[in-house]
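Take a look at the letters that make up each chain.
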Amino acid sequence: MTTRQPLFTPTADGQAYDIAPAGVLLILADMVYGPQDDPQWTGGPKTEAMILAMLAAARAGGYAQTDILHTLLVRGERSQRLELMARAACAAAGNDRIAALFESMRKGKQ
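Bear in mind the structure is a predicted one, so any value in this text is a computation, not a measurement.

J.: Help me out: how do you make sense of the side chain of T66 in this one?
T.: Note on placement: T66 falls in helix α3 (residues 66-75). A distance of 2.4 Å separates polar atoms of two side chains, one belonging to T66 and the other to R59. When near neighbours in sequence (up to four residues on either side) are disregarded, T66 contacts L55, A58 and R59.

Written as C-alpha cells, this is what we have:
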C-alpha cells in the first residue's frame with residue numbers, strides 16, 4: 001500500500017501551506033462551482049478558465065476521464081474518488097505543464 005502525499009502541507013514556519021496541483025484544482029472548483037458567499041466576487045470566469053486549462057493539460061497528457069472529473073467538480077462532489085481523479089489528472093498533465101499554467105495565471109494571462 002502506498003501512502004499518498006498530502007494535498008496541503010504546512011510550510012516550515014507554519015504561516016502558509018504548500019498546495020499540490022490537485023489541491024489547487026479542488027480549491028478552484030470550490031470557488032467557481034460551490035456556494036458563493038461574496039456577491040461582489042468577479043473572478044469566476046477567470047477561475048473557471050484555469051480549471052478548464054488544467055483539465056485540457058491532463059487530457060493532453062493522456063488522462064481520458066477529464067469529462068467525468070469536470071462533471072464531478074461541477075456537481076460539488078467531495079470524495080476520495082474525486083481526490084484520486086484530481087491527482088491522476090494532474091499527474092498526467094505533468095509538472096512542466098502545470099507549472100506553465102500556474103505561471104501564466106500568476107502573470108494574469110489565463
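From this point, the discussion proceeds with the structure in view.
J.: Looking at this structure, I do not really get the pattern of salt bridges. What am I missing?
T.: Side chains that differ in sign of charge can pair as their charged atoms come close. Under the definition given, this model contains five salt bridges. E103 is the salt-bridge partner of K107, the closest N and O atoms lying 3.5 Å from each other. On the accessibility criterion, E103 (31% relative accessible area) is partly exposed. In the salt-bridge network here, residues are joined through shared partners; they are R4, E83 and R87.

Basis of the calculations
- Residues numbered from 1 in each chain as written.
- Predicted model: local features only at pLDDT ≥ 70, side-chain atom pairs only at ≥ 80, totals over all residues.
- Heavy atoms only, no water.
- Helix = DSSP H or I, 4+ residues; strand = E, 2+ residues; numbered from the N terminus.
- Polar contact = N/O pair within 3.5 Å; in protein donor to acceptor, adjacent residues only side chain to side chain.
- Contact = heavy atoms within 4.5 Å.
- Salt bridge = Lys/Arg side-chain N within 4 Å of Asp/Glu carboxyl O.
- Buried < 20%, exposed > 50% of the residue type's maximum accessible area, 1.4 Å probe, protein only.

Interpretation in functional terms is not warranted from these geometric data alone.
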